[in-house]
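Survey of secondary and tertiary structure
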Amino acid sequence: MKPTNVQIHAPGEEPINVWISAPRETCGCFFVRKKSGQLRLIWDTRVANTWFAEPPSFQLPSGDALSALEVDAQDTVHMAAGDVEVCFYQLELPTNLRPFFCLPPVQTTLLDPDVRHMVPADLFEVTMQARIVPMGWSWGTYFVQRALLQCMSFSGGSCVIG
């Protein structure tokens, strides 16, 4: 059977992509607790990462780098800090990369009835594929940083992040 991408969705919700044939790669996932107590989903992309070249290296600022900052007395230093809420979920993964980031198959009988009725009746199992840049992908941080730098450049200011 040729791989087919089917979108299922509940009214008013974003569609879930379902890969109904063998994906290119299957990823596991795990959770880490945030400072707030909420859980953060991390994709186990170790095997999927082997399909990709190493991303370009870049340097993120550190506390040590900040403590080593030197300026002349007459200079003014402006700094800002921020947090992009659910940052990785803000970037959509291109459709040609989604088959590399699929969760293990789930029998359709185990799906919530509100979702099950949206899946074609002849399917025994479905495999969900990522629509967002998975946290854990070797290129994920690179693309997130590039996107943030691009957004910051629209503000007309300069920024030094790497």
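What comes next is a walk through the structure. (Residues numbered from 1 in each chain as written. Predicted model: local features only at pLDDT ≥ 70, side-chain atom pairs only at ≥ 80, totals over all residues. Heavy atoms only, no water.)

For the rest of this paragraph, the subject is the nonpolar core. Ranked by internal contacts, the top residues of the largest apolar core, which has 17 residues, are W43, F52, L93, F101 and W137. When near neighbours in sequence (up to four residues on either side) are disregarded, W137 contacts T45, N49, F52, L93, L97, F101 and F143. (Core = buried A, V, L, I, M, F, W, Y, C linked by side-chain atoms within 4.5 Å. Buried < 20%, exposed > 50% of the residue type's maximum accessible area, 1.4 Å probe, protein only. Contact = heavy atoms within 4.5 Å.)

The next point concerns the pattern of salt bridges. One pass over the full model with this rule turns up three salt bridges. With its nearest N and O atoms 3.5 Å apart, the salt bridge here joins E92 to R131. Taken together, the residues span a long stretch of sequence, with E92 in the loop between α2 (63-67) and β5 (106-107) and R131 in the loop between β6 (125-128) and α4 (140-154) at a distance of 39 residues. By relative accessible area, which is 52% here, E92 ends up exposed. The class of R131 is partly exposed, set by a relative accessible area of 23%. Taken together, the shared-partner salt bridges connect E92, R98 and R131 into one network. (Salt bridge = Lys/Arg side-chain N within 4 Å of Asp/Glu carboxyl O. Helix = DSSP H or I, 4+ residues; strand = E, 2+ residues; numbered from the N terminus.)

Moving on, we come to the state of the cysteines. By the definition in use, this model includes zero disulfides. Cysteine C27 remains unbridged, with the sulfur of C102 as its closest cysteine sulfur at 7.3 Å. Looking at C27, the relative accessible area reads 1%, which means it is buried. By relative accessible area, C102 is classed as buried at 0%. (Disulfide = S-S within 2.5 Å.)

The full count for this structure, using the stated rule, is nine aromatic pairs. Consider the rings of F101 and W137, whose centres lie 5.3 Å apart with planes at 65 degrees: the pair is edge-to-face. Taken as a pair, F101 in the loop between α2 and β5 and W137 in the loop between β6 and α4 lie far apart in primary sequence, 36 residues in all. W137 shares its class with F101; the two are buried. (Phe/Tyr/Trp six-rings, centres within 6.5 Å; stacked < 30°, edge-to-face > 60°.)

Looking now at a nonpolar patch on the surface. Taken together, the side chains of L66, L69, V71, V77 and M79 define a hydrophobic patch exposed on the protein surface, amounting to about 460 Å² of accessible area. Among the structural elements, M79 can be located in the loop between α2 and β5. (Patch = residues over 30% accessible without salt bridge, like charges linked within 9 Å, V, L, I, M, F, W, Y side chains within 5 Å. Areas by Shrake-Rupley, 256 points an atom, 1.4 Å probe, with all protein chains shown as cover.)

The next thing to look at is the side chain of Q145. Here Q145 is to be found in helix α4. Exposure remark for Q145: the relative accessible area of 5% places this residue in the buried category. Only 3.5 Å separates the side chain of Q145 from the side chain of R146, close enough to count as a polar contact. (Polar contact = N/O pair within 3.5 Å; in protein donor to acceptor, adjacent residues only side chain to side chain.)

For strand β3 (residues 28-33) and strand β4 (residues 39-44), the ladder comprises six bridges, and the chain directions are antiparallel. For F30, the partnering residue across the bridge sits in β4 and is I42. Linking β3 back to β4 in an antiparallel pair, the connection comprises five residues, with G37 at a positive phi of about 95 degrees. (Pairing = 2+ DSSP bridges.)

On to the environment of R33, then. Within the secondary structure layout, R33 lies in strand β3. Given a relative accessible area of 62%, R33 falls into the exposed group. For R33, the residues in contact, after removing those within four places along its chain, are Q38 and L39. Of the polar contacts made by the side chain of R33, one reaches the backbone oxygen of G37; its length is 2.7 Å.

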